[in-house]
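Now for the letters of each chain:
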Amino acid sequence: MNIVETRNLSKYYTFDSGLRVEALRGINVKIEEGDFVSFMGPSGSGKSTLLNIVGCLDQPTSGDVFIEGNEVDYRNSSSLVRLHRQTIGFVFQAFNLISTMNAMENVCYPLYFSGVSRSRQKQRATELLGLVGLGDRMHHLPSELSGGEQQRVAVARALANSPKLILADEPTGNLDSDTGNKITDLMRKINREQGVSFLVTTHDPEMARIADRVIRLKDGKITV
Ligand code: ADP
Ligand code: ADP
């Protein structure tokens, strides 16, 4: 079963001046459930645009996206909310934690929006922070954590609602290479042990090395 499929996906940006940028030009990919896939390519090749469209944060100009075999309806906001709550987790380059919330509260946050009881939120967050190696940092604010620790919190948060798919945009881009490699290993471990699929945009050779598949983009097209 394909967790993600895109058919002839294109994204154009048009400006008032009449200029047009073709960020994606006819992308066809099939990602098998359980796969760890890296998207590589030069800056501006369309990696983030592709991830944002698959993650339903942005709409394509034309073409279709299927998640677990179901066509995404980008005009149906309740179905997008359901995908974000139940199916897709996100990890970002800049961690994007809420600065006034400690690690535990950051991981509880998506559970709160899913209507999970406070006691169950805490139980789940404790379990996830343990999984990412932060059992002793649960009450620290993001400002009291290192970059690598903040990204671990972000990984735990992405896992909160037990997604099938995690989308990560340059997750090691703000980390030194040793710390980045530890985050890469953590994501690979979660992929192997929990069967969560990963789509990761990256310039990081280690991330590409451990991936099941590397998909290369150039000028909005797949080259390999
Ligand atoms: P990458 O992630 O590979 O660096 P992006 O997906 O960010 O590439 O960008 C692909 C192309 O689309 C680039 O030419 C970029 O300038 C353009 N682009 C991306 N987002 C926007 C936007 N919101 N408005 C206009 N152009 C954009
Ligand atoms: P119940 O146990 O009845 O399901 P909850 O324990 O989920 O209720 O919530 C109790 C109160 O705490 C509610 O007012 C809820 O809005 C608030 N609350 C629960 N979780 C959070 C959270 N992560 N952040 C902020 N407020 C929360």
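Residues numbered from 1 in each chain as written. Chains lettered and ligands numbered in written order. Predicted model: local features only at pLDDT ≥ 70, side-chain atom pairs only at ≥ 80, totals over all residues. Heavy atoms only, no water.

In the annotation of an unreviewed UniProt entry, the entry for the protein reads ABC transporter, ATP-binding protein, and the organism field reads Methanosarcina siciliae T4/M.

J.: Account for helix H6 (residues 177-194), with residues named and values stated.
T.: In a regular helix each residue adds 1.5 Å, so 18 residues correspond to 26 Å; H6 covers 25 Å between its end C-alpha atoms and thus fits that length. Inspection of H6 places Gly-180, Ile-183, Thr-184, Leu-186, Met-187, Arg-188, Ile-190 and Asn-191 among the buried residues, and these make up the whole buried set. Check the buried side of H6 and you find it contacts strand S3 (36-40), helix H4 (118-131), helix H5 (147-159), strand S7 (165-169), strand S8 (197-201) and helix H7 (205-210). Sitting at the head of H6, Asp-176 places a side-chain oxygen 3.1 Å from the backbone nitrogen of Asp-178. Note on H6: the residue one or two positions beyond its end, Gly-195, has a positive phi of about 70 degrees. (Helix = DSSP H or I, 4+ residues; strand = E, 2+ residues; numbered from the N terminus. Expected span 1.5 Å × (residues − 1). Buried < 20%, exposed > 50% of the residue type's maximum accessible area, 1.4 Å probe, protein only. Contact = heavy atoms within 4.5 Å. Polar contact = N/O pair within 3.5 Å; in protein donor to acceptor, adjacent residues only side chain to side chain.)

J.: If you had to explain the environment of Val-72 to someone new, which residues and values would you point to?
T.: Topologically, Val-72 is positioned in the loop between strand S5 (70-71) and helix H2 (77-86). You can call Val-72 buried: its relative accessible area is 8%. Measuring from C-alpha to C-alpha, the distance between Val-72 and Ser-146 comes to 37 Å, with 74 residues separating the pair along the chain.

J.: Explain the sheet that holds strand S9 (residues 213-218) to me, and be specific about the residues and the numbers.
T.: Strand order in this open sheet of six strands is S6-S7-S8-S3-S9-S10, and the pairing throughout is mixed. Edge strands, defined here as strands with exactly one partner in the open sheet, are strand S6 (88-91) and strand S10 (221-222). Of the strand pairs in this sheet, S9 and S10 are connected by two bridges, and their pairing is antiparallel. Bridging from a neighbouring strand, Leu-217 pairs with Ile-222 of S10. Across the sheet, H6 touches S3, S7 and S8, and the angle it forms with S8 is around 155 degrees. (Pairing = 2+ DSSP bridges. Axes fitted to C-alpha atoms, helices over the stretch in contact; angles between N-to-C directions.)

J.: Which residues make up the site of ligand 2, and what values do they have?
T.: Around ligand 2, the neighbouring residues are Cys-108, Tyr-112, Val-116, Ser-117, Arg-118 and Gln-121. In the environment of ligand 2, an oxygen atom lies 2.9 Å from a nitrogen or oxygen atom belonging to the backbone of Arg-118. Within the side chain of Gln-121, an N or O atom sits 3.0 Å from a nitrogen atom of ligand 2. Considered on its own, ligand 2 offers 560 Å² of accessible surface; in the complex 45% of this is hidden by protein. (Near = heavy atom within 4 Å. Areas by Shrake-Rupley, 256 points an atom, 1.4 Å probe, with all protein chains shown as cover.)

J.: Go over the pairing of S7 with me, naming the residues and quoting the values.
T.: Extensive coverage of S7 is indicated by the burial of five of its five residues. Side chains Leu-165, Leu-167 and Asp-169 project from S7 onto one buried face, and the interleaved Ile-166 and Ala-168 project onto a second face that is buried too. In terms of strand pairing, S7 meets S8 through five bridges, oriented parallel. Paired with Leu-167 across the strands is Leu-199, a residue of S8. Viewed along the sheet, the connection from S7 through H6 into S8 turns out right-handed. (Right-handed = clockwise from strand over helix to strand, strands pointing away.)

J.: Mind laying out the pairing of strand S1 (residues 2-14), listing which residues take part and the relevant values?
T.: Two faces make up the sheet, and in a regular strand the side chains alternate between them. Across 10 bridges, the pairing between S1 and strand S2 (residues 20-32) is antiparallel. Paired with Asn-2 across the strands is Glu-32, a residue of S2. Between S1 and S2, which pair antiparallel in sequence order, lie five residues; one of them, Gly-18, sits at a positive phi of approximately 95 degrees. Strand direction decides the pairing type here: S1 and strand S4 (residues 62-67), joined by five bridges, are antiparallel. Looking across to S4, one finds that Thr-6 is bridged to Val-65.

J.: I'd like to hear about unusual backbone geometry, residue by residue, with values.
T.: Backbone geometry at Asn-96 places phi at a positive 55 degrees, although glycine is not the residue there. As for its position among the elements, Asn-96 is in the loop between S6 and helix H3 (103-113). Owing to a relative accessible area of 39%, Asn-96 belongs among the partly exposed residues under this scheme. One non-glycine residue, Asp-219, adopts positive backbone phi at about 50 degrees. Mapped onto the elements of the fold, Asp-219 is located in the loop between S9 and S10.

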